[in-house]
Amino acid sequence: MKIALDVEGTIANPHLFFLEWYNKENNTNYTLNDITKWGYPQKNFNMSIEYFHEIIDKTWREKWDKIPLTEDYLATNIALLYQFNTLDIVTCRVSCEDEIKKFLEKRIIKYDNFVGVEGSTTNKVKLDYNIFIDDSPKLAEKANIFKKPVLLYDRPWNQKIKDTTYIKRVHNFNEITATLKIP
Ligand SMILES: [Mg+2]
């Protein structure tokens, strides 16, 4: 089986540095749970999408080695996915490809190919994969239309997406390996 594994929000949490920076600049106290809209500039955050991406790019460039994983023991579960499938890293953060690769190496995340996708995250559905593991609600909606299966990684910003024939919400990588019936 060919699996497309997303990076930001699914295995990496650059959002924590974004929040740290934002809270300091604006004297606020936001947490991950306040990011309820994917792609941001929601009312709370009052910023342009371009500026948001600038901050996330800067986070990758300057702090790639400190960006946390989304959960403990992720590498073990990803190694299982890798062992029994073709597992590609598929990301739209093409501006920081080198830093993401260094992050993956440091975190001992095994994968077959690194695939950078230009433009919108929804462009991923045009690629030839059997299943997408991703946190993006936009990708989930698009994949549902194109009848491509998605394991939607549970995040505060994708809560409005309901399970369908093609979308299944998952809460952690134990659930992912169990869903894919990996021993
Ligand atoms: Mg993502």
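For the structure, see preceding data.
To start, this report covers the structure provided alongside it. (Residues numbered from 1 in each chain as written. Predicted model: local features only at pLDDT ≥ 70, side-chain atom pairs only at ≥ 80, totals over all residues.)

**Quick word on the environment of Ile56**
Relative to the helices and strands, Ile56 resides in helix α2 (residues 49–63). Excluding residues within four positions of it along the chain, Ile56 makes contact with Pro14 and Phe18. (Helix = DSSP H or I, 4+ residues; strand = E, 2+ residues; numbered from the N terminus. Contact = placed C-beta atoms within 7 Å.)

**Structural notes on the environment of Val117**
When you line up the elements, Val117 lands in the loop between β3 (114–116) and β4 (131–134). Separated by 24 residues in sequence, Val117 and Arg93 have C-alpha atoms that sit 7.7 Å apart. Other than its neighbours up to four places away in sequence, Val117 contacts Val90, Thr91, Cys92, Asn123 and Lys124.

**Structural notes on helix α4 (residues 97–106)**
Considered for burial, the residues of α4 that qualify are Ile100, Phe103 and Leu104. Take α4 and look down its axis: the buried residues cluster within an arc of 95°, on one side only. Residues of α4 that are exposed and point more than 90 degrees away from the buried face comprise Asp98, Glu105 and Lys106. Of the surrounding elements, those touching the buried residues of α4 are α2 and β2 (86–91). With its phi angle positive at about 55°, Ile108 sits one or two positions after the end of α4. (Buried ≥ 20, exposed ≤ 12 C-beta atoms within 10 Å, placed from the backbone. Arc of directions from axis to C-beta.)

**Some remarks on the pairing of β4**
Alternating positions in β4 separate into two faces, Ile131 and Ile133 on one and Phe132 and Asp134 on the other, with burial throughout. Pairing between strand β1 (residues 2–5) and β4: three bridges, direction parallel. Across the sheet, residue Leu5 finds its bridge partner in β4, namely Ile133. Across three bridges, the pairing between β4 and strand β5 (residues 150–153) is parallel. Residue Ile133 lies in a different strand from β5, and its bridge partner there is Leu151. After leaving β4, the chain enters helix α5 (residues 137–145) and then returns to the sheet as β5, a path that is right-handed. (Pairing = 2+ DSSP bridges. Right-handed = clockwise from strand over helix to strand, strands pointing away.)

**Considerations on the sheet that holds β2**
Here six strands make up an open sheet; going across it, the order is β3-β2-β1-β4-β5-β6 and the pairing parallel. Of all strands in the sheet, those with a lone pairing partner are β3 and β6 (167–170), marking the two edges. For this sheet the average axis-to-axis angle between neighbouring strands, irrespective of direction, equals 25°. Direction of pairing for β2 relative to β3: parallel, over a ladder of three bridges. (Axes fitted to C-alpha atoms, helices over the stretch in contact; angles between N-to-C directions.)

**Concerning unusual backbone geometry**
Positive phi values are uncommon outside glycine, yet Asn27 reaches one of about 55°. Note on placement: Asn27 falls in the loop between α1 (15–26) and α2. One non-glycine residue, Ile108, lies in the positive phi region at around 55°. Structurally, the position occupied by Ile108 is in the loop between α4 and β3.

**Points about the packing of α1 against α2**
Where α1 contacts α2, the two axes come as close as 9 Å, and the packing angle between them is 110°. On the basis of their axis angle, the class for α1 and α2 is roughly perpendicular. Helix-helix and strand crossings are classified by hand; for α1 and α2 the assignment is right-handed. Within the contact between the two elements, α1 uses Phe17, Phe18 and Trp21 and α2 uses Ile55, Ile56, Thr59 and Lys63. (Parallel < 35°, antiparallel > 145°, perpendicular 65-115°, else oblique. Left-handed = near helix turned anticlockwise from the far one by under 90°.)

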